[in-house]
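A closer look at the structure
Listed here are the chains, written in short residue letters.
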Amino acid sequence: MPRLLKLATPLYELHLHEIPRVATKTAQKIAAGVAATIGEPNALLVTVDDLLNNLPMRYEDRSNLTKIRQLQHNEFATIEVEVRIAGTYAVKGGKLRIFEFSAVDESGQIRAYWWNQAYLQQAFPRGRKVLLYGQWRRGKRGFFEVENPDYEFLSDDEDNAEPIHTGRRVPVYRKLGELRSKPLRSIMHYVLERMDWAEFTETLPQEMLSRTQLISRIDAFKQIHFPADDAPLALYNACKSPAHQRLIFEEFFWLALAMGIRRQGREASPKGTLIEINDRVREAVRSILPFKPTNAQKRVLKEIVDDMASTKPMNRLLQGDVGSGKTIIAIQAAVVAIESGYQSALMVPTEILAEQHAKNTKRILAQSPYRVELLTGSLTAAKKRDIHNAIEAGEVDFVIGTHALIQEGVKFSKLGFVVIDEQHRFGVLQRAELMKRGYNPDTLVMTATPIPRSLTMTLYGDLDLSIIDEMPPGRKPIITKVRGEDARNKIYHFLDGIIRQGQQVYIVYPLVEESEKLDLLNATQMAEHLRTAVFPQFRIGLVHGKMKQEEKDAVMDEFRRGASQILVATTVIEVGVDVPNASVMLVEHAERFGLSQLHQLRGRVGRGDAQAYCILLAGDKRTSEARERLTIMEQTNDGFKVSEKDLEIRGPGEVMGTRQSGIPTFRVGNIVRDRELVEIAKREADYMLTERRNSRDTAKLVELIKKQTKYGLASIG
Ligand code: ADP
Ligand code: MG
């Protein structure tokens, strides 16, 4: 009798030689595969627990045995047969070898074959009984044939009589590293049979299970890999089975609980700043306004200022579609902090944006006594040192910059307010890094990627939410059109007309990493081509990420002043860039951009009074997914709709750029598919942390979650 497996048993220790046809070296392969899937750098640390959480990607019903006589052309079916004649022969002049056998049941004969797997010959001697599962085709000689079927022997000499791969409902796994579904299935079956089920103690309070009608943890794991013969397989395939719901809920629940605990912890420690709101401050904030704020802007500013005036540190997310006017709110809030004698910091993801914000802010605050400075990585060392010193001495009131703000050497004298713009480009850790430099400062994060609620909860569940749901007056919806290469001349003609009316144009090239050089070349060559051959009468600027800061500044400045009419750019202009007189954007290779990115890009136009256009020029080789993306862009200007669709098409990890955005990766849950469970998990977590705060159940949950290192709560009291 083999020993019982524990959840913490490393996969390396599995005795896989006990499983027929699964080699011991597979233990290493599978550990490596799981490690890669869950992002664990050390495969030695991958355990049985991780393996059990690697859920099937789908399920197949192979339970009904079919007789050969009943097989249908192109249908998947399982049959039980006895091998008759087996053999291997070469085809294509010896380059390929086919192994095949014929086999029979009492109703007929079939042929099964494999490419280049001659070693199978020993496995199928005459008389061997075998279950075969695959897609059956009527072959030339009238026999049914199957290529590369799943098989399972039914001989008496092997001890486990229960078939795993055929003649039942089977899980189908995603390939893990080099390991295909079938050996994985064998391993999973082996592990489940030897599992020490006493290990599966319930983690969630009983009353929560009854309230949410979820099954126990142990039942969930018992069912989810090999569903019972009478289980509704459609539910399993939709990830809606009771087993799925239970495991998915739990995953969301821990995250929601962690967010709640973190938030309570933060609220318990009062902030080190004291912000005073009086008439002088109000006047200072009002006096800098270059335009009449929208009602949404006023409401949101009030929410922010109320937070700042309270003793709890602010942790607020400001969401507003591209162009909704978030910048001025950030500046006004910064003024509030500065008026109380604190420093403010604004961190943005690109140098172009930092530069623009700094210019803009200096202009808006020109009449004020505040000192505003720009801090980016490409400043000279001497200049950086000067600014570092001035920040440390408290001489700088408002510093605007990139990641350079969180580099070693940046010490604030009294940082009281932190804004992070275009938060989706930063990680949670970077946010924390900047906050650490102040006394638990008020923090505002802003994003133009309107995030669906379920995602907001998982990404920013520890933040309060403010939403700008109104555009500045006079904005007309941007007209978006998808065009092909055949329309290029017409488009140029159109651009010519637009520029003659005094407006400006962006032409954007994709910059994807693997072909970065090529794309730069494209943008550069295209700018050259446009200058010489297409629009010799206009001035054309070129900006891309590989240029020096001063060069970028010069080009952007020229465009902002209207001295150049066309700006050819890579996606460095994707976020934040604000030139209201630019009313048309032409996106080259639009099929290569993601939806959210296209929406961000499009947001660069439509900021002035003129009717704005976005032309998406797409290559002819569009995938159906690309076609869907482009159609959505044509149909809506609404950022929320765009990002909902984007999530649907690409999934959360892709959309948010998992690693950099700090979005937690879920092992079983999918925040798009399972958004209802996200809500329920959040509700339950809030309930346990408020209403049932002092219960033993909550104490136990808190104890459990502190042991799960990934939530980083161990140190929170
Ligand atoms: P985003 O929310 O995308 O960061 P910005 O803050 O860059 O948007 O604002 C977009 C443009 O709209 C800017 O040119 C800004 O000056 C202008 N703007 C913002 N609010 C108003 C308003 N209330 N009235 C008129 N123009 C505004
Ligand atoms: Mg902005």
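Residues numbered from 1 in each chain as written. Chains lettered and ligands numbered in written order. Predicted model: local features only at pLDDT ≥ 70, side-chain atom pairs only at ≥ 80, totals over all residues. Heavy atoms only, no water.

Moving on, we get to the overall build of the chain. A tally of regular secondary structure across the chain gives 24 helices and 21 strands. Here the chain holds 717 residues, and 54% of them are scored as buried. The long-range share in the chain, meaning contacts at least 24 apart out of those at least 6 apart in sequence, stands at 75%. About 32,700 Å² of surface is accessible on the chain, with carbon and sulfur atoms providing 50% of the total. (Helix = DSSP H or I, 4+ residues; strand = E, 2+ residues; numbered from the N terminus. Buried < 20%, exposed > 50% of the residue type's maximum accessible area, 1.4 Å probe, protein only. Contact = heavy atoms within 4.5 Å. Areas by Shrake-Rupley, 256 points an atom, 1.4 Å probe, with all protein chains shown as cover.)

With that settled, consider the sheet that holds strand β18 (residues 540–543). Ordered in space as β16-β21-β20-β17-β19-β18, the six strands form an open sheet in which the pairing is parallel. Every interior strand has two partners, whereas the edge strands, β16 (479–483) and β18, have only one. Going from strand to strand, the sheet's axes swing by 15° on average, the running direction of each strand aside. Both β18 and strand β19 (residues 566–569) contribute to a ladder of four bridges, which runs parallel. Bridge pairing links Ile-540 to Ile-566 in β19. (Pairing = 2+ DSSP bridges. Axes fitted to C-alpha atoms, helices over the stretch in contact; angles between N-to-C directions.)

This brings us to the nonpolar core. Within the largest apolar cluster, 70 residues are counted, with the highest numbers of intra-cluster contacts made by Ile-187, Val-191 and Phe-253. The element contributing the most residues to this core is helix α7 (residues 242–268), with 13 residues. Each of domain 1 (1–62 + 187–200) and domain 3 (202–268 + 674–717) contributes no fewer than three residues to this core. Residue contacts for Ile-187: discarding those within four places in its chain leaves Leu-14, Leu-16, Ile-19, Val-22, Thr-26, Ile-30, Leu-51 and Leu-179. Counting 41 residues, the second largest nonpolar core, distinct from the first, contains Ile-304, Leu-346, Leu-374 and Ile-400. (Core = buried A, V, L, I, M, F, W, Y, C linked by side-chain atoms within 4.5 Å. Domains from an automatic or database assignment.)

Below, the discussion takes up a nonpolar patch on the surface. A contiguous nonpolar patch, built from Tyr-12, Leu-44 and Leu-45 and spanning about 290 Å² of accessible area, is present on the exposed surface. As for its position among the elements, Tyr-12 is in the segment before α1 (25–38). In this structure Tyr-12 comes out as partly exposed when scored by relative accessible area, which is 32%. (Patch = residues over 30% accessible without salt bridge, like charges linked within 9 Å, V, L, I, M, F, W, Y side chains within 5 Å. Salt bridge = Lys/Arg side-chain N within 4 Å of Asp/Glu carboxyl O.)

Bringing the site of ligand 1 into the picture now. For ligand 1, the set of nearby residues contains 17 residues, the closest of which are Gly-323, Lys-326, Thr-327, Arg-475 and Asp-578. Starting from 560 Å² of accessible surface for ligand 1 in isolation, the protein chains cover 85%. Taken together, the residues of the shell around ligand 1 break down into five nonpolar, six polar and six charged. Taken domain by domain, the makeup of the shell around ligand 1 includes at least three residues from each of domain 4 (279–468) and domain 5 (479–636). (Near = heavy atom within 4 Å. Nonpolar A, V, L, I, M, F, W, Y, C, P; charged D, E, K, R; others polar.)

For the rest of this paragraph, the subject is the packing of aromatic side chains. For the structure shown, the criterion picks out 18 aromatic pairs. Ring centres 5.9 Å apart and planes at 35° place the aromatic pair Phe-99 and Phe-124 in the tilted group. A residue pair is termed long-range when its members are at least 10 positions apart, and Phe-99 in strand β3 (residues 96–105) and Phe-124 in the loop between β4 (108–115) and β5 (129–138) qualify at 25 residues. An aromatic cluster is defined as three or more aromatic residues linked by ring pairs; in this entry it consists of Phe-99, Phe-101, Trp-114, Phe-124 and Tyr-151. Residue placement shows Arg-111 over the ring face of Tyr-113; its charged tip is 4.4 Å from the ring centre. Between Lys-182 and the ring centre of Tyr-151, over which it is positioned, the NZ or CZ distance is 3.4 Å. (Phe/Tyr/Trp six-rings, centres within 6.5 Å; stacked < 30°, edge-to-face > 60°. Lys NZ or Arg CZ within 6 Å of the ring centre and 35° of its normal.)

Moving on to the sheet that holds strand β15 (residues 464–468). Taken together, the seven strands give an open sheet; going across it, the order is β11-β12-β10-β13-β14-β9-β15, and neighbouring strands pair in parallel fashion. Looking at the sheet topology across the chains shown, the edges are occupied by β11 (372–375) and β15. Each strand axis lies, on average, 20° off the axis of its neighbour in the sheet, ignoring direction. Across four bridges, the pairing between β11 and strand β12 (residues 398–401) is parallel.

Our focus in this paragraph is the side chain of Glu-351. Tracing the backbone shows Glu-351 in helix α11 (residues 351–364). It turns out Glu-351 is buried and unbridged, and the closest side chain with the opposite charge, Lys-552, is 4.1 Å from it. Looking at Glu-351, its side chain comes within polar contact range of the side chain of Ser-378, at 2.6 Å. Excluding residues within four positions of it along the chain, Glu-351 makes contact with Thr-376, Gly-377, Ser-378, Thr-402, Gln-549 and Lys-552. (Lys, Arg positive; Asp, Glu negative; His and termini not counted. Polar contact = N/O pair within 3.5 Å; in protein donor to acceptor, adjacent residues only side chain to side chain.)

As a further point, take the packing of α11 against helix α17 (residues 549–561). Contact geometry for α11 and α17: axes closest at 10 Å, N-to-C directions at 55°. Accordingly, the angle class assigned to the pair α11 and α17 is oblique. Of the two elements, α11 crosses α17, and the hand of that crossing is right-handed. Each of Glu-351, Ile-352, Glu-355, Gln-356 and Lys-359 in α11 lies in contact with α17, whose residues at this interface are Gln-549, Lys-552, Asp-553, Met-556, Asp-557 and Arg-560. Grouping the constituent residues of the contact of α11 with α17 by class yields two nonpolar, two polar and seven charged. (Parallel < 35°, antiparallel > 145°, perpendicular 65-115°, else oblique. Left-handed = near helix turned anticlockwise from the far one by under 90°.)

In this section: the environment of Gln-708. When you line up the elements, Gln-708 lands in the segment after α24 (696–707). Taking relative accessible area as the criterion, Gln-708 reaches 22% and is therefore assigned partly exposed.

Within helix α8 (residues 279–287) the residues assigned to the buried category are Val-281, Ala-284 and Val-285. All buried residues of α8 fall inside an arc of 95° around its axis, so they share one side. In α8, those exposed residues whose orientation departs by more than 90 degrees from the buried face are Asp-279, Arg-286 and Ser-287. Its buried side turned inward, α8 meets α9 (295–309) and α10 (327–339). One side-chain oxygen of the residue at the start of α8 lies 3.1 Å from the amide nitrogen of Arg-280, identifying that residue as Asn-278. (Arc of directions from axis to C-beta.)

On to helix α12 (residues 381–392). End to end, α12 covers 16 Å across 12 residues, agreeing with the expected 16 Å (1.5 Å per residue, within 8%). The inward-facing, buried residues of α12 contact β10 (343–347), β11 and β12. One or two steps after α12, the chain reaches Gly-394, where phi turns positive at roughly 80°. (Expected span 1.5 Å × (residues − 1).)

According to the stated counting rule, one finds 41 salt bridges in the structure shown. In this structure, Arg-500 engages Asp-496 in a salt bridge whose closest nitrogen and oxygen atoms are separated by 2.8 Å. Of this pair, Arg-500 and Asp-496 both sit in helix α15 (residues 488–500), four residues apart, which is roughly one turn of that helix. For Arg-500, a relative accessible area of 59% corresponds to the exposed category. Judged by its relative accessible area of 14%, Asp-496 is buried.

Now for the side chain of Ser-241. Within the fold, Ser-241 resides in the loop between α6 (233–237) and α7. Setting aside residues up to four positions removed in sequence, Ser-241 forms contacts with Leu-235 and Tyr-236.

Another point: the packing of α8 against α10. In the contact formed by α8 and α10, the axes pass within 9 Å of each other and the chain directions differ by 145°. Relative to α10, α8 is oriented so that their crossing is right-handed. Contacts from Arg-280, Val-281, Ala-284 and Val-285 in α8 reach Gln-332, Val-335, Val-336 and Glu-339 in α10.

Below, the discussion takes up the environment of Ser-378. Looking at where Ser-378 falls in the secondary structure, it is placed in the loop between β11 and α12. When the C-alpha atoms of Ser-378 and Glu-550 are compared, they prove to be 8.8 Å apart, with 172 residues separating the residues in sequence. Ignoring any residue separated from it by four or fewer positions in sequence, one finds Ser-378 in contact with Glu-351 and Gln-549.

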